[in-house]
Amino acid sequence: MLNISNLSLNYAQTAALADVSLSIDKGDIYAILGPSGCGKTSLLNILAGSITHHTGQVTLYGGAIDHKNMSVGLITQDYGLLPWRTAYKNVILPLKIKCKDIGSCVDKIDYVLEKLGISELRNRYPVSLSGGQKQRVAIAAAFVMDPDLLLMDEPFSALDQVTREATQELFFRVWEESCPTTILVTHSIEEAVFLGQKIVVLSRAPGRVIQILDNPVFGCPDARGLPGFAAISSELRQLLKSDVRP
Amino acid sequence: MKKGITALVNFSVGAALVLAVWQIAHLALSVNVLPSPFVVLRALPALLGQDIFTHAYHSFYRIGMALLFSMLIGLIVGIAAAGKGVFAKVLTPFLYFTYPIPRVALLPAVMLIFGLTDAAKIIMITIIVVYPIIVVVRDSVKDIPKQTYNTLTCYGAGRVQVFLYITLPWALGGILSTARISLGTAISILFFVEAYGARRGMGFFILDAWMRLNYVQMYAGIVVLSMAGFALFVLIDIIEGVFMKWKG
Ligand SMILES: Nc1ncnc2c1ncn2[C@@H]1O[C@H](COP(=O)(O)OP(=O)(O)O)[C@@H](O)[C@H]1O
Ligand SMILES: [Mg+2]
């Protein structure tokens with residue numbers, strides 16, 4: 001349903017993406033793994049509509065991505081919350097933008113807030129929230145809009161180890177209830193293996209697809225402890241290492 | 001509550017220090033043009049019979065209107081100047097060219113055109129106060145990090161929504177941060193414009209007392225004008241407390 005074909009992107013000084021092609025089925029979660037600077041953020045920004053000078057094609061349900069009429073969620077590295085809106089107002093922002101009636105969504109909003117454990121933070125402003133809390137607010141905002149496509153840019157990388165694992169697990173539990181089609185980009189092998197049904201490995205800049213792997217331990221309870229987790233992690237590490245250029 | 005007590009302590013300490021410096025200056029200079037602050041304070045109640053409220057009201061009104069217009073114009077022009085449209089292209093050189101003009105010197109022109117009216121005084125204060133506001137708003141809107149727009153773009157927000165949800169709140173934050181400086185400037189200019197062709201206002205009251213060589217009354221007028229300014233400062237603090245909570 002999401003088709004990316006021959007996508008290339010050049011900035012004035014650098015080439016960011018080279019001929020990336022991908023095809024993702026509805027309800028899949030793809031992890032895109034690559035080193036820093038390989039064009040991951042650029043790729044998501046193309047899908048998010050804020051970069052438009054690329055070449056190649058992106059289609060969602062057969063047509064160009066229509067951000068106005070479809071719902072595309074975005075969770076960024078810096079969480080993307082508006083500082084002058086409370087946690088709650090940030091969560092309902094996508095609904096406001098889509099001119100949806102908030103009253104009819106109250107149950108869903110309450111449910112998501114409860115599930116992510118941020119009900120008590122409703123009236124707090126982002127300045128007074130920890131990184132993990134801000135992240136959960138951003139995740140809540142993405143889920144209340146029932147996204148056709150969910151884009152995540154290294155969403156957990158700014159969190160400490162313990163908070164990161166807890167937030168990843170929490171995210172996964174919310175995700176599997178509705179399985180929105182998701183692209184998660186990351187430089188963390190561990191994160192890609194924990195959250196990616198398939199893992200796309202990108203090369204150093206300009207990013208091109210080196211390989212797409214099926215993840216055998218995806219969705220397993222306690223995946224991190226399984227031998228398969230270590231196995232695929234080391235396979236990925238080899239792939240990333242083999243792509244060294246002088 | 002705790003904040004209120006801190007404010008009260010700060011106010012008391014500040015007032016005591018001002019009185020102390022004033023008293024020392026009075027003793028050191030020992031001239032009749034600088035009376036003791038206590039003599040001046042004792043003269044305050046007597047002023048109440050002197051229409052002091054009417055004078056203070058007129059000054060308040062002029063400052064209030066001028067600040068209101070300045071912020072409104074500053075917001076609109078500043079945001080427009082931050083854009084990429086034709087307006088921004090025309091406005092930027094205009095701002096750079098007119099910024100260094102000593103705008104106070106335009107007072108005679110403004111009074112010739114608008115006469116000895118309240119409007120002339122409000123326009124004069126506005127002309128001076130509005131410039132820095134325009135520049136601050138323009139710069140703050142230009143400084144909005146590009147990523148701020150990314151989520152809204154992704155949700156498919158239109159131009160009007162981007163303006164309402166990002167540009168406007170951001171610009172309002174910028175304006176409030178300059179409100180105290182604007183107020184200080186407005187009070188200074190107020191004194192100046194009320195010196196010419198005014199029969200009402202604290203500026204007139206102070207200069208009138210000066211002409212009559214009634215120095216105690218002159219200083220009393222300065223104290224009242226300062227208190228009015230202080231009240232407006234507190235008002236800005238309160239507005240900031242309510243609308244800028246998000247800055248933490
Ligand atoms: N706005 C930009 N202008 C110019 N070059 C950019 C811009 N954004 C990113 N780049 C460059 O493009 C490459 C890919 O960047 P990015 O997509 O941010 O990578 P990643 O998210 O994988 O770290 C980098 O070399 C970066 O320096
Ligand atoms: Mg990045």
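Nothing here was measured: the structure is a model prediction, and the numbers come from that model.

K.L.:
So what's going on with the pairing of strand S2 (residues 15-24) of chain A? Which residues, and what values?
P.N.:
All names here are of chain A. Relative to S2, strand S1 (residues 2-10) runs antiparallel, the two sharing six bridges. Note on S2: the bridge partner recorded for Leu-9 is Leu-17. Between the end of S1 and the start of S2, which pair antiparallel, lie four residues.

K.L.:
I'd like a description of a nonpolar patch on the surface, backed by residues and values.
P.N.:
Together, Phe-11, Met-227, Phe-230, Val-234, Leu-235, Ile-238, Ile-239, Val-242 and Phe-243 of chain B line one region of the surface with nonpolar side chains, adding up to about 800 Å² of accessible area. Residue contributions to the nonpolar patch peak at eight residues, all from helix H10 (residues 215-243) of chain B.

K.L.:
Summarise the site of ligand 1; cite the residues concerned and give the values.
P.N.:
Residue and element names in this part refer to chain A. Close contacts around ligand 1 come from Tyr-11, Thr-14, Ala-16, Pro-35, Ser-36, Gly-37, Cys-38, Gly-39, Lys-40, Thr-41 and Ser-42, and that covers them all. One nitrogen or oxygen atom from the side chain of Tyr-11 is found 3.4 Å from a nitrogen atom belonging to ligand 1. For ligand 1, an oxygen atom lies 2.7 Å from a polar atom in the backbone of Gly-37. The fraction of the free accessible surface of ligand 1 (560 Å²) that becomes covered by protein chains is 59%. If you tally residues by element for the shell around ligand 1, the top one is helix H1 (residues 40-48), at three residues. Classifying every residue of the shell around ligand 1 gives four nonpolar, six polar and one charged.

K.L.:
So what's going on with empty space enclosed by the protein? Which residues, and what values?
P.N.:
Per the stated rule, a full pass over the model turns up two cavities of 30 Å³ or more. Estimated volume of the largest cavity: approximately 70 Å³. Split by residue class, the lining of the largest cavity holds seven nonpolar, three polar and no charged. In this structure, the second largest cavity encloses a volume near 50 Å³.

K.L.:
Lay out the pattern of salt bridges with the relevant residues and their values.
P.N.:
All names here are of chain A. The final tally for this structure, using the stated rule, is 14 salt bridges over all chains. With its nearest N and O atoms 2.5 Å apart, the salt bridge here joins Asp-110 to Arg-122. Taken together, the residues Asp-110 in helix H4 (residues 106-115) and Arg-122 in the loop between H4 and helix H5 (131-144) connect sequence positions twelve residues apart. By relative accessible area, Asp-110 is classed as partly exposed at 29%. Its relative accessible area of 26% is what places Arg-122 among the partly exposed residues. Residue Arg-224 pairs with Glu-169 through a salt bridge whose shortest N-O separation is 2.8 Å. Of this pair, Arg-224 sits in the loop between strand S9 (209-214) and helix H8 (227-242) while Glu-169 sits in helix H6 (residues 161-178), and the two are 55 residues apart along the sequence. By relative accessible area, Arg-224 is classed as partly exposed at 22%.

Basis of the calculations
Residues numbered from 1 in each chain as written. Chains lettered and ligands numbered in written order. Predicted model: local features only at pLDDT ≥ 70, side-chain atom pairs only at ≥ 80, totals over all residues. Heavy atoms only, no water. Pairing = 2+ DSSP bridges. Helix = DSSP H or I, 4+ residues; strand = E, 2+ residues; numbered from the N terminus. Patch = residues over 30% accessible without salt bridge, like charges linked within 9 Å, V, L, I, M, F, W, Y side chains within 5 Å. Areas by Shrake-Rupley, 256 points an atom, 1.4 Å probe, with all protein chains shown as cover. Salt bridge = Lys/Arg side-chain N within 4 Å of Asp/Glu carboxyl O. Near = heavy atom within 4 Å. Polar contact = N/O pair within 3.5 Å; in protein donor to acceptor, adjacent residues only side chain to side chain. Nonpolar A, V, L, I, M, F, W, Y, C, P; charged D, E, K, R; others polar. 1 Å grid on protein atoms, 1.4 Å probe; cavity = no way out; pocket = protein on both sides within 12 Å on 5 of 7 lines; lining within 4 Å. Points joined across faces, edges and corners; volume = space filled by probe spheres on them. Buried < 20%, exposed > 50% of the residue type's maximum accessible area, 1.4 Å probe, protein only.

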